[in-house]
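What follows is each chain in one-letter form.
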Amino acid sequence: MAHTATHPQEVELAIGGMTCASCAARIEKKLNRMDGVEATVNYATEKAKVTFSDEVSVQDLIGTVEATGYSAAPPKPKQESAPGTGGGTADGASAGEEEADDPELKTLRERLITAVVLAVPVIAMAMIPALQFQYWQWLSLTLAAPVVVYAGWPFHRAAWKNARHGAATMDTLISVGTIAAFLWSLYALFWGHAGMPGMTHPFELTIQRSDGSSNIYLEAAAGVTAFILAGRYFEARSKRKAGAALRALMELGAKEVTVLRDGEEVRVPTAELKVGDRFLVRPGEKIATDGIVVEGSSAVDASMLTGESVPVEVAPGDGVTGATLNAGGRLVVEATRIGSDTQLARMAKLVEDAQTGKAAAQRLADRISGVFVPIVILLAIGTLVTWLALGEGWTAAFTAAVAVLIIACPCALGLATPTALMVGTGRGAQLGILIKGPEVLETTRKVDTVVLDKTGTVTTGKMTLLAVHTADSTDENEVLKLAGALENASEHPIAQAVATGAIQKIGTLPALEDFANVPGLGVQGIVEGHAVLVGREKLLAEWEIRLPEELKRAKDAAEASGRTAIAVAWDGEARAVLEVADAVKETSAEAITKLRALGLTPILLTGDNEAVAKAVAAEVGIAEVIAEVMPEDKVDVVKRLQAEGRSVAMVGDGVNDAAALAQADLGLAMGTGTDAAIEASDLTLVRGDLRAAADAIRLARRTLGTIRSNLFWAFAYNVAALPLAALGLLSPMIAGAAMAFSSVFVVGNSLRLRSFKAAA
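Residues numbered from 1 in each chain as written. Predicted model: local features only at pLDDT ≥ 70, side-chain atom pairs only at ≥ 80, totals over all residues. Heavy atoms only, no water.

### Remarks on the environment of Gly296
Its place among the elements puts Gly296 in the loop between β8 (290-295) and β9 (298-301). In the structure, Gly296 is positioned 35 residues away from Leu331 in sequence and 4.8 Å away in space, judged by C-alpha atoms. When sequence neighbours within four positions are dropped, the list of residues in contact with Gly296 reads Val314, Ala315, Pro316, Arg330 and Leu331. (Helix = DSSP H or I, 4+ residues; strand = E, 2+ residues; numbered from the N terminus. Contact = heavy atoms within 4.5 Å.)

### Observations concerning helix α21 (residues 549-560)
An α-helix turns once every 3.6 residues. As a result, residues three or four positions apart point the same way. Look at α21: 16 Å from first C-alpha to last across 12 residues, which is about the 16 Å you get at 1.5 Å a residue. When α21 is considered as a whole, its buried residues turn out to be Leu551, Ala554, Lys555 and Ala558. Projected down its long axis, α21 carries its buried residues within an arc of 100°, all on one side. α21 presents Glu549, Arg553 and Ala560 as exposed residues on the side facing more than 90 degrees away from its buried surface. If you follow the buried residues of α21, they end up packed against β16 (459-470), α20 (537-542), β20 (564-570) and β21 (573-584). Downstream of α21 by one or two residues, Gly562 has phi in the positive range, about 85°. (Expected span 1.5 Å × (residues − 1). Buried < 20%, exposed > 50% of the residue type's maximum accessible area, 1.4 Å probe, protein only. Arc of directions from axis to C-beta.)

### Comments concerning the UniProt feature "transmembrane region" (unreviewed entry) in the protein
Mapped onto the present numbering, the UniProt feature "transmembrane region" (unreviewed entry) falls on residues 112-129, 135-153, 173-194, 214-234, 368-390, 396-417, 711-727 and 733-751. With 82% helix and 0% strand, residues 173-194 has its two end C-alpha atoms placed 26 Å apart. (UniProt positions renumbered as here; feature names shortened; annotations may be inferred.)

### Comments concerning the packing of helix α14 (residues 394-408) against helix α27 (residues 691-726)
Contact geometry for α14 and α27: axes closest at 8 Å, N-to-C directions at 175°. Between α14 and α27, the crossing angle belongs to the class labelled roughly antiparallel. Contact residues: Ala400, Ala403, Val404, Ile407 and Ala408 in α14; Asn718, Ala721, Leu722, Ala725 and Ala726 in α27. When grouped by side-chain class, the residues that make up the contact of α14 with α27 number nine nonpolar, one polar and no charged. (Axes fitted to C-alpha atoms, helices over the stretch in contact; angles between N-to-C directions. Parallel < 35°, antiparallel > 145°, perpendicular 65-115°, else oblique. Nonpolar A, V, L, I, M, F, W, Y, C, P; charged D, E, K, R; others polar.)

### Some remarks on the side chain of Thr474
Tracing the sequence through the fold places Thr474 in the loop between β16 and α18 (476-487). Thr474 sits in the buried class, given a relative accessible area of 14%. Excluding its chain neighbours within four sequence positions, the residues that come into contact with Thr474 are Val479, Trp570 and Arg575.

### Examining a nonpolar patch on the surface
Side chains of Phe133, Tyr135 and Leu139 sit close together on the surface and give an oily, nonpolar patch of about 290 Å² of accessible area. Position of Leu139 relative to the elements: it lies in helix α6 (residues 136-151). (Patch = residues over 30% accessible without salt bridge, like charges linked within 9 Å, V, L, I, M, F, W, Y side chains within 5 Å. Areas by Shrake-Rupley, 256 points an atom, 1.4 Å probe, with all protein chains shown as cover. Salt bridge = Lys/Arg side-chain N within 4 Å of Asp/Glu carboxyl O.)

What follows is the structure, given as structure tokens:
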């Protein structure tokens, strides 16, 4: 095919009707067969990201998906629902309501409740002879029929859809097995001997040939349906959270803004802002959208967007970013970017791209089912044909074929992942670790590199007073008392760090007079009769006060190690230098040691400056540092490491980490961080303690190991018993019992995860 100078277009389609990872693979295969089309289908997010040439239309893509047996819909325009950074309010609210009232999830829940309520007495009557009263079999039929027909309808519909396209999945096996068991039970009740009054089911573990006309298998049909539905329901509920990262990201924006119009202050929704509008930002308020400062000066806390721990001083002419916090004075800002052009919206797009582009982790059962299901169906048909060919009659032949289907029916498979996940995640929650789903677990086994955000992850994320250097004959407590009293009147985060440190050391601070803020330089005032200055060296220079040599050396050393140095003077003389920085968490060094013990190579990644980053890395024992990176660069760094063949885990807590967390093979968010980071991650560490990252990876690996052993035993029972069933030596009743025992084994194996302990 000749290459033409066409401009590739991109579209994201919402895909409906997928029931397992093999469905996503089938749609992807069909789309990629089209000329000029490259597609990635993500089962977890139920989306297809498609790049296509001018010769192909979106309608053609939708037609191909529908021809494959699934539904597809073009994306809804986002700008209309969220034109400004604050537009996420309505969008987020409606999305939350939609999640609560999702009709598909609601129907699935109703089917599950129906199945459990009706299947439990059916199973109990079949397995406990004491409960088998005179007409118990007819009550079983009455209870089992709605389970098989109504509750099991999603499996039958999916099996029919797959059959029309020449495919078979676990749905096929569940549908064929339950329908066969149900139809055979109907035959035995109406045309065999099972409907006779007083019929009982002896629960015998013997292997013998049987014509089956006296046995019913309603408990197998109802039980399998209930078990598998439970797994599907919990899976569907977790998938509904796929878009939560984006909603959390958009929720960060200011919801309302004070706009200046004709000299009047007017409060309007942020969505109504236009480029060129001037708006007011008071101390403590979020900046509504990206813009340029036209009046006022302040310190802006941009840590959740940039990772920079020190607030940025802004003055007229400086740019500011929407969703950052005005920590100091009053600002008037002119809007330069709104809606989808803002940095916040672009970061939301980064998260979305990373989530959609992440390959769906196909679960082990789905992978094996591609081969297992067709073989079982062929084996059941082969059993039926062989028995008929040997002249054994329809009853014996059909009994053997049903036994094959029932023993192969994936009851234990349906429990293998959910039970281990339930116990593993429950134990994790007790230890402050939240695991988001089964897809996460496979990744933990392969991860070999861990990228750590600095601010709020390795460090506390809060400015802290770390050291006080005093001139000769100056008392440290006197410095803290005077400087603390002055800084306590300021809203600046660095000033608050000094005030907090002073209060912790000396207690109550004295009263303050004539306080004044000197924009960009520091503060001044009178405390206990002393004229006190606290701020940059330049502030002291304006009063013709110079730092003595020892304080000058202390200031230079602090700044060389990436800390903020604050000069203190009173009564015309420089008295001290205070060191303020984002303090390293006490447990971080120990956590790095534990991560190394798991075979992981730690890398420190931060938006902060290199001196700060290297000082922190040296303190906790990290050799590799990547500093001064913007959010887009964080994603690129993760991609570069992945391109080198590494499997990357990312640990972060800020909005600036959200896209990188989504891009990484394994995302771990500190629970003390932002909602956007938490929602974009695979594992959440509730405690905000980095040691939990090592525990999380260990627990996830242990849970994966349990799931693998569960799947092995679930298949081992089936595979070992299939030949016996095919030879007619295993009645469907015994097949049902073996299946039930495999389920008990799987649950017991999963419960062992409750003994998992965090490393001391």
